[in-house]
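Okay, here's what each chain looks like letter by letter:
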There are 2 protein chains.
Amino acid sequence: MAGFRVRPLPFPELRKDPVVDRWVIVSTERGGRPIEKTPSLPSQSSWCPFCEGQEHDTPGELLAFRSPGSPADGPGWWVRVVPNRFPAVRLTSPSAFGAHEVFIECPRHERDLARLPVGSVCEVFESYRQRLAFWRADGRLAYGQLFKNVGAPAGASLEHSHAQLIVLPMVPSDVRAELDAAKQHHIETRRCVFCDLMRSERESERFVARSEHFTAFAPYASRFAWEVWVFPDRHDPHFDAITPAERDDLAGLVRLLLRRLGDALPQPDYNLVLHTAPFSHSPHEPYHWHLEILPRTTQAAGFEWGTGFAINPVPPEQAAMFYRGSADDSLC
Amino acid sequence: MAGFRVRPLPFPELRKDPVVDRWVIVSTERGGRPIEKTPSLPSQSSWCPFCEGQEHDTPGELLAFRSPGSPADGPGWWVRVVPNRFPAVRLTSPSAFGAHEVFIECPRHERDLARLPVGSVCEVFESYRQRLAFWRADGRLAYGQLFKNVGAPAGASLEHSHAQLIVLPMVPSDVRAELDAAKQHHIETRRCVFCDLMRSERESERFVARSEHFTAFAPYASRFAWEVWVFPDRHDPHFDAITPAERDDLAGLVRLLLRRLGDALPQPDYNLVLHTAPFSHSPHEPYHWHLEILPRTTQAAGFEWGTGFAINPVPPEQAAMFYRGSADDSLC
């Protein structure tokens, strides 16, 4: 990472996530391997179905923030949500019943949220909130997984900045594991495991930043180099219960974290993953929504597929130091 | 895939693995997305630390099959096992205690096992067996994960055909999940869950091939396009208990499956993952070793990291048909 050299650990470390049963080997020696791959997406300057003016290349919009009076599925929008043309699940499917939507986050061809003005990022987060609220009110499905894939190594097939929402008829196993752990911790302590985690990480060397309403830190058992998590200080299971002030604050913080990542890694490849409660979860049940930024600098390989373990070449304490770095003023 | 066109399913399908709690969405529509990435490793024709004559570029050998009288760590070998220069775990580490070894599978620069003569592949499997037997006898560690990464999208950092063994002080969570499921099934039925699975898959449309001692099939909840599993007909928890006849038969079958994959996908990227019992597991406890071939044509992305679900664009029934295809004679 430009301007930052990973300090070798004397030994690899085996770490377990404090909430779920997930293990990571932190091994700085792995970063010294001879070859690192750098694939990239073909440039799409010539044709991109997500650019303004190409609305006929996507299905009809489900939601758009657009200039007053501009007709649906034409130009004049800032954020546009459409059904995925290549859906992983469908409302009409008897087995993989669900919905798959794409959030086109800007009308011009930009690769990354971090390049948009902060006001645009606020609107992007507002579109996430509205679609999740829509499906929670709809009542037919169980869980909405919102995520972003940026760059080919992170699974993106198109370069233009976008997010996706896959709405499922059941609660996925990894989400269930978090819910079960939160419930167990609540039975034992009467407290939220994520509130406890956030409180202790604020005092740790993995602390990254606080904004008015949020805390960011590099998780103890980071699966990815430069991984960072963002938690709202106010306990709430549901992302879609975010207030306008919180939403705008979140947009600013996430944009800053992504810019910090991009300052160092030109055109970083990453996944952004929202963790929020199942639709039917009551606000009083123990869960605490949060966002994970997962930079993708290595490939999951045979070892990871066999064991479920991850190997991370950058100790989270060093990642946190990097994020705090000279950007302390702007991040805090 | 050349010569094979995936038939679209009328609907995406949600499938659960019959043994462990792992879900897959099989969605042929995902295969139609506009862009597929094709990164590749830099050619290493000029310099490769694994080629014969470069023995000084790797640590001293732990095991080698070499011509009689040729000195250790010099030329004259067919298979050579050395400590990994960039280990994920180490015997001297207080936390990530373990061992990390590399199997250099051929002296000449070949990308893939499938290109080697069948006798060489037998010796490669023999080297796997010997190192796993070594660590089982050693008694200090709990589990050996043997795997191959072929191609950059599968996590390889070097092109020259090689495998790796990571020996761990505990049983990884994904292996534990299989063991627990096997134990539960045994309590309920007094039978091995994998023997049952193999018996039923032999009669299914996911059947791929039988050799003298092995059965290959495309698993019902394949996480990857063209995924195929190989099970020994003889029930045994431990790979290192394989007989010479079984080992040679396995080498022939795996080589044929990889050639079949390579006939269609030029230079396929894949992981090969061995599932075997923990070292301390008694031969009478319910487990059944097997091999998984996991071709890597797509990237795990935000959805997969958030939910634990995989998305597979090729129905396993069609993958099996492809493997059986015109190669029926040579495979069976």
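Basis of the calculations
Residues numbered from 1 in each chain as written. Chains lettered and ligands numbered in written order. Predicted model: local features only at pLDDT ≥ 70, side-chain atom pairs only at ≥ 80, totals over all residues. Heavy atoms only, no water. Helix = DSSP H or I, 4+ residues; strand = E, 2+ residues; numbered from the N terminus. Rg over C-alpha atoms; globule rule 2.2 N^0.38 Å. Buried < 20%, exposed > 50% of the residue type's maximum accessible area, 1.4 Å probe, protein only. Contact = heavy atoms within 4.5 Å. Expected span 1.5 Å × (residues − 1). Buried area = accessible area lost by both parts, 1.4 Å probe. Salt bridge = Lys/Arg side-chain N within 4 Å of Asp/Glu carboxyl O. Polar contact = N/O pair within 3.5 Å; in protein donor to acceptor, adjacent residues only side chain to side chain. Pairing = 2+ DSSP bridges. Axes fitted to C-alpha atoms, helices over the stretch in contact; angles between N-to-C directions. Least-squares fit on C-alpha atoms with pLDDT ≥ 70 in both. Phe/Tyr/Trp six-rings, centres within 6.5 Å; stacked < 30°, edge-to-face > 60°. Disulfide = S-S within 2.5 Å. pLDDT = per-residue confidence, 0-100.

Turning our attention to the overall build of chain A. A tally of helices and strands in chain A yields seven helices and 13 strands. Scaling as 2.2 N^0.38, a compact globule of 332 residues should have a C-alpha radius of gyration of about 20 Å, and chain A matches this with 20 Å. Dimensions of chain A along its principal axes, counting C-alpha atoms only, are 60 × 50 × 40 Å. Looking at chain A as a whole, 63% of its 332 residues qualify as buried. Considering only residue pairs separated by 6 or more positions, chain A has 66% of its internal contacts joining residues 24 or more positions apart.

Okay, helix α2 (residues 173-189) of chain A next. Between the first and last C-alpha of α2(A) there are 24 Å, a value that for 17 residues agrees with the 24 Å anticipated at 1.5 Å per step. Contacts from the buried residues of α2(A) go to β6 (143-150), α3 (193-202), β11 (270-275) and β12 (290-295) of chain A together with β2 (23-26) and α5 (302-307) of chain B. Downstream of α2(A) by one or two residues, Arg190(A) has phi in the positive range, about 65 degrees.

Contact residues are listed per partner, giving 68 residues for chain A and 68 residues for chain B. When chain A packs against chain B, close to 5,700 Å² is buried across both sides, 66% of that on carbon and sulfur atoms. We note a salt bridge from Glu29(B) to Arg90(A), for which the minimum N-O separation is 2.8 Å. Remark: the boundary between chain A and chain B carries 20 residue pairs in polar contact (both at pLDDT 80 or more). For the side of chain A that touches chain B, the elements supplying multiple residues, two or more each, are β1 (13-16), β2 (23-26), β6, β7 (162-168), α2, β11 and α5 (302-307) of chain A. The greatest single-element share of the side of chain A that touches chain B, amounting to five residues, is contributed by α5(A).

Residue and element names in this part refer to chain B. Taken in spatial order, the 10 strands line up as β3-β4-β5-β7-β6-β11-β12-β10-β9-β8 in an open sheet, and their pairing is antiparallel. The sheet terminates laterally at β3 (63-66) and β8 (207-210), the two strands that pair on one side only. Going from strand to strand, the sheet's axes swing by 15 degrees on average, the running direction of each strand aside. Across three bridges, strand β10 (residues 228-232) lies against strand β12 (residues 290-295) in antiparallel orientation. Along β12, the bridge assignment pairs Trp-229 with Glu-292. Where helix α1 (residues 118-138) meets the sheet, it contacts β3, β4 (77-83), β5 (99-104), β6 (143-150), β7 (162-168), β11 (270-275) and β12, and its direction lies at approximately 150 degrees from that of β3. Lying on the sheet, helix α6 (residues 316-324) is in contact with β8, β10 and β12; it crosses β8 at an angle near 35 degrees.

For the rest of this paragraph, the subject is the relation of the copies chain A and chain B. Screw-axis analysis of chain A against chain B gives a translation of 0.0 Å along the axis, an RMSD of 0.0 Å, and a rotation angle of 180 degrees. The superposition of one copy onto the other is thereby described by a two-fold rotation axis. Of the residues that chain A buries at the interface, 100% are likewise interface residues in chain B, meaning the two copies contact each other through the same surface.

Residue and element names in this part refer to chain A. An ideal rise of 1.5 Å per residue puts 30 Å on 21 residues; helix α1 (residues 118-138) measures up with 30 Å between its terminal C-alpha atoms. Looking only at α1, the buried set comprises Val-121, Cys-122, Val-124, Phe-125, Glu-126, Ser-127, Tyr-128, Arg-131, Leu-132 and Trp-135. Positive phi appears at Gly-139, one or two residues downstream of α1, with a value of about 85 degrees.

Attention now moves to the packing of aromatic side chains. Applying the stated criterion to the full structure yields 32 aromatic pairs over all chains. Residues Phe147(A) and Phe303(B) carry aromatic rings whose centres are separated by 5.9 Å and whose planes lie at 45 degrees to one another, so their mutual orientation is tilted. A residue pair is termed interchain when its members come from two chains, as with Phe147(A) in strand β6 and Phe303(B) in helix α5. A residue is classified by how much of its surface remains accessible, and Phe147(A), at 3% relative accessible area, is buried. Considering the side-chain rings of Phe239(B) and Trp289(B), the 5.0 Å spacing of their centres and the 85 degrees angle between planes classify their relative orientation as edge-to-face. Of this pair, Phe239(B) sits in the loop between β10 and α4 (244-264) while Trp289(B) sits in the loop between β11 and β12, and the two are 50 residues apart along the sequence. Overall, Phe239(B) belongs to the buried group, its relative accessible area being 1%. Three or more aromatic residues joined by ring pairs make a cluster, and in this case those are Phe194(A), Phe217(A), Trp229(A), Phe231(A) and Tyr287(A).

With that out of the way, let us pick up unusual backbone geometry. Despite not being glycine, Asp73(A) shows a phi value in the positive range, around 60 degrees. Checked against the element boundaries, Asp73(A) lands in the loop between β3 (63-66) and β4 (77-83). In the Ramachandran plot, Arg190(B) falls in the positive-phi region, its phi being about 65 degrees despite a non-glycine side chain. Among the residues examined, Arg190(B) registers a relative accessible area of 60% and is labelled exposed.

Moving on to the side chain of Glu304(B). With respect to the helices and strands, the residue Glu304(B) is situated in helix α5. The exposure class of Glu304(B) is buried, given its relative accessible area of 16%.

Take the state of the cysteines next. All names here are of chain A. The tally for this structure, following the rule as stated, stands at zero disulfides over all chains. Free cysteine Cys-51: the closest other cysteine sulfur is in Cys-48, separated by 3.9 Å. Judged by its relative accessible area of 17%, Cys-51 is buried.

So, about the pattern of salt bridges. Summed over all chains, the structure comprises 54 salt bridges over all chains. Of the charged contacts, one joins Asp138(A) and Arg140(A) as a salt bridge, the two residues approaching to 3.0 Å between their closest N and O atoms. Of the charged contacts in the structure, one is a salt bridge between Glu105(B) and Lys148(B), with a shortest N-O distance of 2.5 Å. One end of the pair, Glu105(B), is in the loop between β5 and α1; the other, Lys148(B), is in strand β6, and 43 residues separate them in sequence. Comparing Glu105(B) with Lys148(B), the two get one shared label, buried.

What follows concerns the pairing of β12(B). In regular strands, side chains alternate between the two faces of the sheet. All names here are of chain B. Extensive coverage of β12 is indicated by the burial of six of its six residues. Bridge analysis of β11 against β12 gives six bridges, and the strand direction is antiparallel. The residue bridging Leu-274 from the neighbouring strand is Leu-291, located in β12.

Let's shift gears to the confidence of the model for chain A. Residue and element names in this part refer to chain A. Across chain A, pLDDT averages 91, with 92% of residues at or above 70. The low-confidence segment residues 327-332 (pLDDT under 50) makes 10 contacts with residues lying over four places distant or belonging to another chain. Predicted complex, confidence summary: ipTM 0.88, pTM 0.91.

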